[in-house]
Amino acid sequence: MSRIAYVNGRYVPHRQASVHVEDRGYQFADGVYEVVPVVDDLLVDEEPHLDRLDRSLRELRIAWPIRRAALKIAMREVLRRNYFQHGIIYIQMTRGVARRDHPFPKLAQPAVVITAARRPRPGAAMMEDGVKVISVPDIRWGRCDIKTVSLLPNVLAKQQAREAGAYEAWLVDEDGNVTEGGSSNAWIVTREGELVTRPSGHEILSGITRRSVLQLVREEGLDFVERPFSLEEAKRAREAFVTSATSYVTPVVEIDEAVVGNGKPGSIAQKLYAAYRGYMTGAGATR
Ligand code: PMP
């Protein structure tokens, strides 16, 4: 079955789906996006993802190009037309097409694109063996809380990770603290057994998976604290893991050349992965 995309009100074959060369997303990265996971045909955390989309748009003063209710219908229609069980819905909204000039255009109509992609679930091996991460300096701007398509530092970090045989790159700020991963949030469990992740703020994207996992952490009654942690502390940690819409809860067993804990996924990461799996097709799911 050929893939179908939604572009500004029309369902078009994916191969022909395109936007204008003067779209400000293309010219200036003047746009935002969301990735909503699809598991067993269900949308995971749809409302929180759309709330974050709304926030990103408001922060950049881009008007919604489509009503929220209509977007939800279009997401389901794209999913239906690209029939698959597991994957992602990708939504991108930009300030639209205008003659190239930095300030906001007066007349541009914001643009919306929705695509759907089949993706296998994260592999069992990754969950059972854990993954390796490398550290790189965080060279991003001061508003990482906005989910913009301006991802060049993240692209470079992920490429460096790929070339080092690592799954993810952890971004490290000028104080030596880990902000987050190139496309995930970072967590550790200290030697004292305290679960730690950096608080939401302008330095990180407030992950929807992070939010849901924090909810599960509270339900499980685990000790946790939101505070910055250093790369050195992470290397000495008992456990580490990352969360994102596509990697769920993925254990980290190596940071640079340091082995984390005993080199195997930790029990808290495993417990949270199991809880999150249940959540994805339970409380977090909508049809
Ligand atoms: N941080 C960054 C920089 C990301 O790109 C992502 C993935 N979109 C995340 C964190 C995790 O966010 P979420 O759980 O909403 O996928």
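This one's a predicted model, so the numbers in the text were calculated from it and none came from an experiment.

*Asks:* What exactly am I supposed to notice about the nonpolar core here?
*Replies:* Counting residues in each nonpolar core, the largest one holds 40 residues, and the members touching the most others are Trp170, Ile255, Leu272 and Tyr276. If one sorts the elements of this core by residue count, helix 8 (residues 267-280) sits on top with eight residues. In contact with Tyr276, other than residues within four places in its own chain, are Val44, Thr209, Ser212, Val213, Leu216, Tyr248 and Val249. Val38, Leu53, Ile91 and Val112 belong to the second-largest nonpolar core, a separate cluster that totals 24 residues.

*Asks:* It is not clear to me how the packing of helix 6 (residues 208-220) against helix 8 should be interpreted in this structure. Could you clarify?
*Replies:* The relative placement of two packed helices comes down to the angle between their axes together with the axis-to-axis distance. One can describe the packing of helix 6 onto helix 8 by two numbers: an axis separation of 10 Å at closest approach and a directional angle of 110°. Put simply, helix 6 runs roughly perpendicular to helix 8. Regarding helix 6 and helix 8, the two cross each other, and that crossing is right-handed. For the pair formed by helix 6 and helix 8, the contact residues are Thr209, Arg211, Ser212, Val213, Gln215, Leu216, Val217 and Glu220 on the first element and Lys271, Leu272, Ala275, Tyr276 and Tyr279 on the second.

*Asks:* In this structure, what is going on with the domain arrangement of the protein? I would like to understand it.
*Replies:* By a widespread convention, an interface's size corresponds to the accessible area lost as its parts come together. The domain boundaries assigned to the protein delineate domain 1 (4-118) and domain 2 (124-286). Across the contact, 25 residues belong to domain 1 and 24 residues belong to domain 2. Roughly 2100 Å² is buried in total at the junction of domain 1 and domain 2, and carbon and sulfur atoms are behind 61% of that figure. Where domain 1 touches domain 2, the interface holds two salt bridges. For Asp145, the salt bridge is made with Arg55, and the minimal N-O distance between the two is 3.0 Å. Viewed at the interface, domain 2 and domain 1 are joined by 11 residue pairs in polar contact (both at pLDDT 80 or more).

*Asks:* Is there a simple way to think about the site of the ligand in this case?
*Replies:* Close contacts around the ligand come from 18 residues, with Lys147, Glu180, Ile208, Thr209 and Ala245 the closest. In this structure, Thr209 approaches the ligand through a side-chain N or O atom, which is 2.6 Å from an oxygen atom. Protein burial of the ligand: of its 390 Å² of free accessible surface, 93% is covered by the chains. With respect to the detected pockets, the ligand is housed in the largest pocket. For the shell around the ligand, the elements supplying multiple residues, two or more each, are helix 2 (46-60), strand 9 (178-181), helix 6 and strand 13 (239-244). Classifying every residue of the shell around the ligand gives four nonpolar, 11 polar and three charged. Counting only domains with at least three residues in the shell around the ligand, you end up with domain 1 (4-118) and domain 2 (124-286).

*Asks:* Would you explain the packing of aromatic side chains in this entry?
*Replies:* Within a pair of aromatic rings, the relevant descriptors are the distance that separates the centres and the angle that separates the planes. One pass over the structure, following the stated rule, counts six aromatic pairs. When the centroid spacing of 5.2 Å and the interplanar angle of 65° are considered together, the rings of Tyr6 and Tyr11 count as edge-to-face. Ring centres 6.2 Å apart and planes at 65° place the aromatic pair Trp170 and Phe229 in the edge-to-face group. You can see Trp170 sitting in strand 8 (residues 168-172) and its partner Phe229 sitting in the loop between strand 12 (224-226) and helix 7 (231-235), a full 59 residues away along the chain.

*Asks:* Where do I start with the pairing of strand 2 (residues 10-13) in this structure?
*Replies:* For a regular strand, the rule is simple: side chains alternate between the two faces of the sheet. Pairing geometry for strand 1 (residues 4-7) and strand 2, over four bridges, is antiparallel. The residue bridging Ile4 from the neighbouring strand is Pro13, located in strand 2. Counted along the chain from strand 1 to the antiparallel partner strand 2, the turn is two residues long, and its residue Asn8 has a positive phi close to 45°.

*Asks:* Honestly, helix 3 (residues 68-81) in this entry has me stumped. Any pointers?
*Replies:* Residues separated by three or four positions in an α-helix point in the same direction, a consequence of the helix having 3.6 residues per turn. Taking 1.5 Å as the rise per residue, helix 3 with 14 residues should run 20 Å; its terminal C-alpha atoms sit 20 Å apart, in good agreement. Among the residues of helix 3, Leu71, Ala74, Met75, Glu77, Val78 and Leu79 are the ones counted as buried.

*Asks:* How should I be thinking about the sheet that holds strand 3 (residues 31-39) in this particular structure?
*Replies:* The strand order 2-1-6-5-3-4-16 describes an open sheet built from seven strands, whose pairing is antiparallel. Edge positions in the sheet fall to strand 2 and strand 16 (285-286), since each has one partner strand and no second. Along the sheet, helix 3 makes contact with strand 1, strand 2, strand 3, strand 4 (42-44), strand 5 (87-94), strand 6 (111-118) and strand 16, crossing strand 6 at roughly 35°.

*Asks:* Help me understand unusual backbone geometry, please; the structure alone is not making it clear to me.
*Replies:* Even without being glycine, Asp40 reaches a positive phi, approximately 50°. Within the fold, Asp40 resides in the loop between strand 3 and strand 4. The class of Asp40 is partly exposed, set by a relative accessible area of 32%. A positive phi angle, near 55°, is found at Asp45, a position not held by glycine.

Cut-offs and rules
- Residues numbered from 1 in each chain as written.
- Predicted model: local features only at pLDDT ≥ 70, side-chain atom pairs only at ≥ 80, totals over all residues.
- Heavy atoms only, no water.
- Core = buried A, V, L, I, M, F, W, Y, C linked by side-chain atoms within 4.5 Å.
- Buried < 20%, exposed > 50% of the residue type's maximum accessible area, 1.4 Å probe, protein only.
- Helix = DSSP H or I, 4+ residues; strand = E, 2+ residues; numbered from the N terminus.
- Contact = heavy atoms within 4.5 Å.
- Axes fitted to C-alpha atoms, helices over the stretch in contact; angles between N-to-C directions.
- Parallel < 35°, antiparallel > 145°, perpendicular 65-115°, else oblique.
- Left-handed = near helix turned anticlockwise from the far one by under 90°.
- Domains from an automatic or database assignment.
- Buried area = accessible area lost by both parts, 1.4 Å probe.
- Salt bridge = Lys/Arg side-chain N within 4 Å of Asp/Glu carboxyl O.
- Polar contact = N/O pair within 3.5 Å; in protein donor to acceptor, adjacent residues only side chain to side chain.
- Near = heavy atom within 4 Å.
- Areas by Shrake-Rupley, 256 points an atom, 1.4 Å probe, with all protein chains shown as cover.
- 1 Å grid on protein atoms, 1.4 Å probe; cavity = no way out; pocket = protein on both sides within 12 Å on 5 of 7 lines; lining within 4 Å.
- Sits in = over half its atoms within 2 Å of the grid points.
- Nonpolar A, V, L, I, M, F, W, Y, C, P; charged D, E, K, R; others polar.
- Phe/Tyr/Trp six-rings, centres within 6.5 Å; stacked < 30°, edge-to-face > 60°.
- Pairing = 2+ DSSP bridges.
- Expected span 1.5 Å × (residues − 1).

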